[in-house]
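Structural overview for review
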Amino acid sequence: MSHAFKHRISSPEAVDKPLRPRLSRNDAWVRDLLAAILFTALLIATLISLDAFERIYDFSREYEDWDLDEFIVAIASLGFASSWFAWRRWREVRHHLRARIAMERELHNTAEDRDFLISAAGGAFYGRNAGGDFAPLHVDSSIELLTGHRPQAFTEDSGFLQAIVHPDDRHRTCNELSQLSNRDYLEQEYRLRHADGTYRWMRDRLKLKRSADGTPGSIVGLWTDITEQKLAEQSLEAAVAAATEELQHREAHLRLITDNLPALIVYIDPEFRYQFVNQTGATWYGQSPKNLIGRPIEEVLGRESFNRLKPYLQGACEGRHSKFETSLTYPDGIKRHIQGLHVPDRDETGRVRGFVAMALDITDHKQTENELRAKQSQLELILNNIPTRIFYKDDQNRILRLNEPAARSIGLTVAQVEGADTYELFPETAEKYHKDDLEVLHSGKPKLGIVEEYIPRDGGHAWVRTDKVPYTDPETGKRFVFVAASDITAEKRAEERVRASEERFRSLYTKTPVMLHSIDADGRIISVSDFWLDKLGFSRDDVLGMKVTDLMTPESAHKAITEAVPEFLKKGVCRDLEYQIVTQSGEVLDILLSAVAEYEECGTFKRSMAVLTDITKRKAVERQLVQAQKMESVGQLTGGLAHDFNNLLGVVMGNLELLEFLVGENDEATLRIKAALDAVDRGAELNRRLLAFSRRQTLETRAVDPNPLIQGLSDLLTRTLGESIALECQLGDRIPHVRTDSNQLESTLLNLAVNARDAMPRGGKLTIETAHTHLDEDYALREQDVTPGDYVVLSVTDDGTGIPPDEVDKVFEPFFTTKEIGKGSGLGLSMVYGFMKQSGGHIRIYSEIGRGTTVRLYLPVAAPVVSNGEATGKMEHSVDGGSETVLVVEDHADVRRVAVSLLQNLGYTVLEATNGSEALLLLENHGDIDILFTDIVMPGGMDGTQVAKAARKLRPGLPVVYATGYAEAAVLRQGEVKAAKNLVTKPYRRDDLAHKLRQALGDKPPIRHDGTIASTGK
């Protein structure tokens, strides 16, 4: 800074001058007037002191007649005017002088200031030639500050300037300098080498000065150091480049973000045209973003969607923010429920130049919201219908929210209770509840399971369980408590019932008539029921801690350890395992065991509970069943044999009777024939026993009163038993009728009496009893083939030798006998067994060695039948033949020939057929057939009953007589076959056949088709 400049800004005078007040125009005039008066007064005073006035007056009097006063006034006026003008002139001269001095001083100071400012601004003036080498003529001293070179270095060496210019800038600066004559002004930027060897940037401003004729004169230039500026510009350029790159990155990031947002984002101008569309929007519009830019919304969305959005679009153009929800179908075909947002974009003047539109697909959200609303409704429904009273209270004991059950418990509505103070609702207990609430709130911990007894509004006693949970609002810090109260009256009463039930269960476990035991993981018994102890004969102390396998037979224990236990531990359950357990007395019981395992929480085996069922009797019944099945098989075999044997006996018997007619008066032949017929009768009787065992004998059933039948049979029984055996009949009162075959029942009783007699070789007593009993479902389940119902029991008891236990189950088997060889056929009890089963009854035998045997016959009760005059016993009939035509149907040729011969012998006309088809054909072709005689069991698809039905369709009312080797019960139940009237059993005699035919024909002479009465043969 120059000394002069420093002085100007630091001198007090320099500072004060500008502060002196300048006089206004009126003030200057006053000052000038006062100065003129002052000078005039001085002049007059001087003149007076020098007597000038008198001299002047004398002088003036020479020329003019002046009055002294006038002269003095004239002199004063002239002095005043002269003083005025002289003062004004002096003041003006002084002002101009001061202004010039100030201007010169200012010019000097300005030059110093210029040099200081140029130096301070990093600049230096110079002058150079306008032509030639443009060498500098003079250089400002400030150049040394800029370049470190003295000014003389530039002026003394014309090439110095070019030498210190940067080589890269020399050619350019010379070219530009040569063009200065055409421009008059040039501004260059180039680098000059500093004295320290570095290059610094200079801005060179050159001004060409021309002469009056326009020719170039000299050049004035100003160097300015712009190194810092250049560095700043370079830094700025680098910063701009970095900012540009950053902006590009941010734009890319913004595009990446907007393209990956699940929302449509667009920028729309005031003409409703798209200027930006993100990828989500392009997907919704079904086009690329490039194809959407500049297109109108209405064209892209369609008129309907555009009209729906138009109010929001117009609002955004008017500068209003808008947020809305609507449903639109977008060009991709998807209808979306959107949440839209429009944000106006304003320029610096506040004018809207566009707006950003965003749309978020909230279809799923709306659906979720609807579902949530539905769930909320459901939750409200649940809360208002669950049997739990829910309260939401604050720390002031006010009820803020509650459900309907809670309101009902108070006897009010929800609206009446919400916001109320509990001290107003139930003052008698409010203080206690509030104290509990505060305890929960202060502790911050839930209080659960508060059980209290209370008296409901309708009276009585009830219990409630209350749970209280604290809650603190994280924003306000206010404290609340949730209260859930459940009426547990039923639960408490159920607990009492459970407690009683547990007691009953303990009692049931120990006292139930079921074998129960529980074992631990080591297989040791930890508990047993009383029935288990009673059944096995142990005490509880004996078996607790004992391994259960120690009670089993060796075979059962091995089976349990190797097979059952591993499988049980694997599955946790076992069912119906059969074992044998040895009782305290040594008896072996068949046991059926089922068990279930109980496990610890960690999954390890804890214990098992087992149910044991004594199946010893069932196993015995199963053995009986096997025995019964075996007897059924034998019965089927014997029944088939007996049927075929009957056919053979029938052939023999028929031929013997025919032969008896042929021998006439030959007595020896007649005796032999009678002996043969007696043998045939014995064979037929034996066959009947086989049929009885197989339940295929022919029964002529009817309602029979058992008491009179036994009374009528007593004489025969007495003669059969002999004198050493006493017969005692103990017949019950009001014994109902039974439906059976009376003849077979008599034979059964006689058979049992004979067996009893043989069991009492030294005499004894035989007792026959009758009683009425009822067999229930339990009995029927225990026995085989027993139907529950009412029965008449016929008991036959002797006090003989008895039957060994191992033989009792065999006594009903055919050909089994306890008698000596040759003294029994072994078919007696078999016949009884078959007869009882065929009658729908039941038989049981009880026997003890040395004490006797009882056989009980159970016959089903039948309603009594009013007698229709039929003879119940056998009646003698004269053997009547006839002249009617008989159609014989028999598949067995020998039997058919015998039947035809017997009928012809009786005087009948006979037609024969081998099967049902032939018989029906004969019926169609022969209208004179009076009666049909057919076998029941025949091959070929039609049995005898079917043939009879078909024949009666052709010939209604045609009489039918059946023949059979045995009568199946199913056949008899069809109603076609009636043993008492139209059935003959093979082998049959000629007289039995004649009687059945006449009985079927009505016991009257037949009327032939021609109207004549048929003759009768004897």
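Conventions and cut-offs
- Residues numbered from 1 in each chain as written.
- Predicted model: local features only at pLDDT ≥ 70, side-chain atom pairs only at ≥ 80, totals over all residues.
- Heavy atoms only, no water.
- Helix = DSSP H or I, 4+ residues; strand = E, 2+ residues; numbered from the N terminus.
- Buried < 20%, exposed > 50% of the residue type's maximum accessible area, 1.4 Å probe, protein only.
- Contact = heavy atoms within 4.5 Å.
- Areas by Shrake-Rupley, 256 points an atom, 1.4 Å probe, with all protein chains shown as cover.
- Arc of directions from axis to C-beta.
- Polar contact = N/O pair within 3.5 Å; in protein donor to acceptor, adjacent residues only side chain to side chain.
- Patch = residues over 30% accessible without salt bridge, like charges linked within 9 Å, V, L, I, M, F, W, Y side chains within 5 Å.
- Salt bridge = Lys/Arg side-chain N within 4 Å of Asp/Glu carboxyl O.
- Core = buried A, V, L, I, M, F, W, Y, C linked by side-chain atoms within 4.5 Å.
- Pairing = 2+ DSSP bridges.
- Phe/Tyr/Trp six-rings, centres within 6.5 Å; stacked < 30°, edge-to-face > 60°.
- Axes fitted to C-alpha atoms, helices over the stretch in contact; angles between N-to-C directions.
- pLDDT = per-residue confidence, 0-100.

This paragraph deals with the overall build of the protein chain. When its secondary structure is counted, the protein chain shows 35 helices and 32 strands. For the protein chain, with 1018 residues in total, the buried portion stands at 38%. Restricting to contacts in the protein chain with at least 6 residues of sequence separation, those with at least 24 account for 55%. Carbon and sulfur atoms provide 54% of the accessible area of the protein chain, an area that totals close to 58900 Å².

This next bit is on helix 32 (residues 916-925). Residues Gly916, Ala919, Leu920 and Leu923 constitute the buried set of helix 32. The arc that holds every buried residue of helix 32, seen down its axis, measures 95 degrees, which confines them to one face. Exposed positions of helix 32 whose direction lies more than 90 degrees from the buried face are Ser917 and Asn925. Elements in contact with the buried residues of helix 32: strand 28 (885-889), strand 29 (909-913) and helix 33 (944-954). At the N-terminal end of helix 32, a side-chain oxygen is found 3.2 Å from the backbone nitrogen of serine 917, two or three residues along, and the residue is asparagine 915.

Residues Leu448, Val469, Tyr471 and Phe482 make up a contiguous nonpolar surface patch of about 360 Å² in total accessible area. Of the residues examined, valine 469 reaches a relative accessible area of 33% and is grouped as partly exposed.

Along the chain, glutamate 884 falls in the loop between strand 27 (852-860) and strand 28. Judged by relative accessible area, glutamate 884 falls into the buried class, the value being 1%. In this structure the side chain of glutamate 884 is engaged in a polar contact, spanning 3.1 Å, whose partner is the side chain of arginine 998.

Take the nonpolar core next. Grouped together as the largest cluster of nonpolar side chains are 35 residues, with contacts concentrated most on Leu749, Leu794, Ile843 and Leu857. Among the secondary structure elements, those contributing two or more residues to this core are helix 26 (706-721), helix 27 (742-759), strand 24 (764-775), strand 25 (789-798), helix 30 (828-838), strand 26 (842-848) and strand 27. Sorting elements by how many residues they give to this core places helix 30 first, with six residues. One finds Phe538, Phe568, Ala595 and Ala597 within the second-largest nonpolar core, a separate group that totals 27 residues.

If you check the backbone angles, phenylalanine 272 has positive phi at about 60 degrees while not being a glycine. Following the sequence through the fold, phenylalanine 272 ends up in the loop between strand 6 (263-268) and strand 7 (274-277). Of the residues examined, phenylalanine 272 reaches a relative accessible area of 15% and is grouped as buried.

A few words now on the pairing of strand 6. Most of strand 6 is tucked away: six of the six residues are buried. Of the two faces of strand 6, both are covered, the one formed by Ala263, Ile265 and Tyr267 as well as the one formed by Leu264, Val266 and Ile268. With three bridges connecting them, strand 6 and strand 7 associate as antiparallel partners. Along strand 7, the bridge assignment pairs isoleucine 268 with tyrosine 274. Linking strand 6 to strand 7, which pair antiparallel, is a turn of five residues; within it phenylalanine 272 sits at a positive phi near 60 degrees.

With that settled, the discussion passes to the packing of aromatic side chains. The tally for this structure, following the rule as stated, stands at 15 aromatic pairs. Measuring from centroid to centroid gives 5.2 Å for tyrosine 392 and phenylalanine 480, while their planes differ by 25 degrees, and the two rings are stacked. Of this pair, tyrosine 392 sits in strand 11 (residues 388-394) while phenylalanine 480 sits in strand 15 (residues 479-487), placing them 88 residues apart in sequence. The pair tyrosine 392 / phenylalanine 480 is uniform in exposure class, with both members buried.

On to the sheet that holds strand 11, then. Reading across the sheet, the five strands line up as 12-11-15-14-13 and stay open at both edges, with antiparallel pairing between neighbours. Of all the strands in the sheet, just strand 12 (399-402) and strand 13 (447-454) have a single pairing partner and so form its edges. Mean inter-strand twist for the sheet, computed between neighbouring axes without regard to direction, equals 25 degrees. The pairing of strand 11 with strand 15 spans seven bridges and is antiparallel.

Further remarks concern the confidence of the model for the protein chain. The predicted coordinates of low-pLDDT regions are not to be read in fine detail. Averaged over the protein chain, the pLDDT score is 79; the fraction of residues at 70 or greater is 80%. Here residues 967-974 scores under 50 on pLDDT; set against residues more than four positions off or in separate chains, the count is 13 contacts. A low-confidence stretch, residues 1006-1018 stays under pLDDT 50, and its non-local contacts, those more than four residues away or across chains, total 30 contacts.

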